[in-house]
Amino acid sequence: MDETFSVNLKEVKHDLILGIVECNKRGLIQSAKWLSELNHGLSDVQANFTGKSFENLHNGIAEEEYDNYVLAKSYFDMREYDRSAYFTSSCSSPVPKFLHIYATYQSKEKKRLDNMSDNSIVNSNSHVKDFSELLTSLRTDHGQRKLDGYCLYLYGVILKKLDLNQMAVQIFVEAIAAAPTMWGAWLELAPLVTDKNMLQNLNLPNHWMKQIFVGYTNIELFLNDEGIKIFENLQLAGFGKCIFIPTQLAIAYSNKRDVDKSIEIFQHLHEVDPFRLDNLDSYSNLLFVKDMKTEMAHLAHKAVDINKYSSETCCVVGNYYSIRADHHKAVVYFQRALKLNPRYLSAWTLMGHEFMEMKNTNAAIQSYRQAVEVNRRDFRAWYGLGQAYEILKMPFYSLHYYKAAQQLRPYDSRMLVALGETYEKLDKPANALKCYQKAYNVGDIEGVALYNLARLYEKQDEIDKAIPALLRFCSDEKTVADKSSLCHAYMTLGNFYEKNEQFDKASHFAYKCLEHEETKREAEALLKTIANKRSLKAAAAAARSGSAATGKAKISEIDLEEVEMDESNVSRMVDLVFTQDDISVFTQDELQLEQAAELENSSLSIIMEDGSNE
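Residues numbered from 1 in each chain as written. Predicted model: local features only at pLDDT ≥ 70, side-chain atom pairs only at ≥ 80, totals over all residues. Heavy atoms only, no water.

Undergrad: If you had to explain the environment of Lys73 to someone new, which residues and values would you point to?
TA: Summarising the element assignment, Lys73 is placed in helix α3 (residues 66-77). Measuring from C-alpha to C-alpha, the distance between Lys73 and Phe87 comes to 9.5 Å, with 14 residues separating the pair along the chain. Setting aside its immediate chain neighbours within four residues, Lys73 contacts Asn24, Lys25, Gly27 and Leu99. Among the polar contacts listed, one links the side chain of Lys73 to the backbone oxygen of Asn24, at a separation of 3.3 Å. (Helix = DSSP H or I, 4+ residues; strand = E, 2+ residues; numbered from the N terminus. Contact = heavy atoms within 4.5 Å. Polar contact = N/O pair within 3.5 Å; in protein donor to acceptor, adjacent residues only side chain to side chain.)

Undergrad: A description of the nonpolar core should follow, citing residues and the corresponding values.
TA: Tyr153, Leu189, Leu202, Ile212, Phe213, Phe231 and Phe239 are the most contacted members of the largest nonpolar core, which totals 182 residues. The element contributing the most residues to this core is helix α7 (residues 149-161), with nine residues. If we ignore the near neighbours within four places in the chain, the residues touching Phe231 are Ile212, Gly215, Tyr216, Ile219, Phe244, Ile245, Gln248 and Leu249. (Core = buried A, V, L, I, M, F, W, Y, C linked by side-chain atoms within 4.5 Å. Buried < 20%, exposed > 50% of the residue type's maximum accessible area, 1.4 Å probe, protein only.)

Undergrad: So what about the packing of aromatic side chains? Which residues, and what values?
TA: The description of an aromatic ring pair uses the distance of the two centres, along with the angle that the planes make with each other. One pass over the structure, following the stated rule, counts 28 aromatic pairs. The interplanar angle of 80° and the centroid separation of 5.5 Å between the aromatic rings of Trp34 and Phe244 together place this pair among those described as edge-to-face. Highlighted residues: Trp34 in helix α2 (residues 29-41) and Phe244 in helix α13 (residues 244-255), separated in sequence by 210 residues. The class for Trp34 is buried, based on a relative accessible area of 8%. An aromatic cluster of at least three residues, connected via ring pairs, comprises Trp34, Trp183, Tyr216, Phe231 and Phe244. (Phe/Tyr/Trp six-rings, centres within 6.5 Å; stacked < 30°, edge-to-face > 60°.)

Undergrad: So what about the pattern of salt bridges? Which residues, and what values?
TA: In the structure shown here, the tally under the stated rule is 25 salt bridges. Glu22 is the salt-bridge partner of Lys25, the closest N and O atoms lying 3.3 Å from each other. With a gap of three residues between them, Lys25 and Glu22 both fall in helix α1 (residues 9-26), about one helical turn apart. In terms of burial, Lys25 and Glu22 fall into one category: buried. Here Glu109 ties to Arg112 by a salt bridge, and the two come within 3.0 Å at their closest N and O atoms. Of this pair, Glu109 and Arg112 both sit in helix α5 (residues 94-114), three residues apart, which is roughly one turn of the helix. When its relative accessible area of 10% is taken as the criterion, Arg112 is described as buried. One salt-bridge network, in which partners are shared between bridges, spans Glu22, Lys25, Arg26 and Asp148. (Salt bridge = Lys/Arg side-chain N within 4 Å of Asp/Glu carboxyl O.)

Undergrad: Talk me through the side chain of Arg414; I want residue IDs and the actual numbers.
TA: Here Arg414 is to be found in helix α23 (residues 413-425). Among the polar contacts listed, one links the side chain of Arg414 to the side chain of Asp412, at a separation of 2.6 Å. Ignoring sequence-local partners within four residues, the contact set of Arg414 consists of Arg257, Phe379, Tyr383, Ile445 and Glu446.

Taken by themselves, the reported measurements are silent on function.
Here you go:
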């Protein structure tokens, strides 16, 4: 979106009010709610309305059909969908006709969901027969151009439910062109957009709603920077008080792993609208990541007070039990959320995580598969499937799912490291090296890419390539969580420098290993070897010079061979032989010497072998 984007807010207000009226007439309560929230954010703007402007309250309803419509609408509002459809079955004017189709659809969908067992899959083919008659009727009317924008929206929803996605995209675009304030059509279209090119090539009307849709879809595609830019421009254009805009910014910052910024926005939204449950599950996920148990408890209690039987509330309570490590209760609440809304993505994914914690791999796989059926762009579900099959020792399956996750999050080092480890198991070291190299270059979140890279070079007997990676890995030891990896790195560096007779560096890393119990004995042995070699080297030098006194002067002030290698002597020798300044100098020198190593010059691309090699 152009940074100079501007919009006439009075026209926006006018469009919103008319859109709210039209959605309410048709029972599209979610779209009406969204439009109303946007309208409330523009409460300072005065729309240009005349008395005649509200005549559309009854537009689209034939006078002779009005009584039937009013009765049917009251039944629809009470969720008596069959009765609503019956009393509008003979209506032909746009609004009652839409209500008839919508009531019919809702009736079939409600019965299908009511009949689902707990183990049913989300995307079964049982509903194809249910919607066949409705689909035939809509297709006929579409061919005769009898469908308005709202009926086109319903036609697209049914096509999408039947996995006729290409046709559904065309119909949603038609619906948007006919009724641009119909938010439901934009919302249904977004998951069908597969990439940035497709988004740019959609033939969408040049309407102010397009900017919101493009920003929303960019975030759905994990193009977070583009989405943030659009929504920040919308805020500057006058939409700053519309609660939907900061909500999307919070989600985008969460995707970028800027958790603190995202939490700050959600906390502000909670102050502005304290009884809002929308996106509260995303907020609770962030609190979980930061291990904010107290805040999570307050949020769960607040959600229960607002609406105990909301799917969002159940999800928040599930996260509350999860952060307390009560995984069985967490699963119970995620299951409750899914009974209320079987297509609730967060609940499926989070329940999969809980089953993984409970070591119930089969149940976890089932949950993740349902999440993928609801939204194929949920990288967490693909990644979870990869982990589950890794536990089952099925690396070819893991590779498939990790690849899917990595394609969705190409700059997430966790996906790249998982791919690399899987390629190692499949004996494809070249691909594994590429994965580790790119994981390090895109910003290694877990801090393991360099170690895995060095370890793989070691396995291939390419120790000269492993050393630069190990030096970088050890350069910031405070950030390394896995101390056993750090110990192994120190010992490898110590042994390498000892073989190359760089005894000062070898001693430095050997002393580092003395700090850890698992490598203490090995480090002591290495220090003795270094001391012996130093003595022999000094003696040889003295012999060549022919002067015992000269040779004695060249030997180190401390004869390590004669010192008993206990902990107290070792610590004393560190202070005498090796000052901290010496350590920092040689460490920096070593890093500079290795700048030309293959690690720095390797290709950053992650071009994998084709399927035939897999």
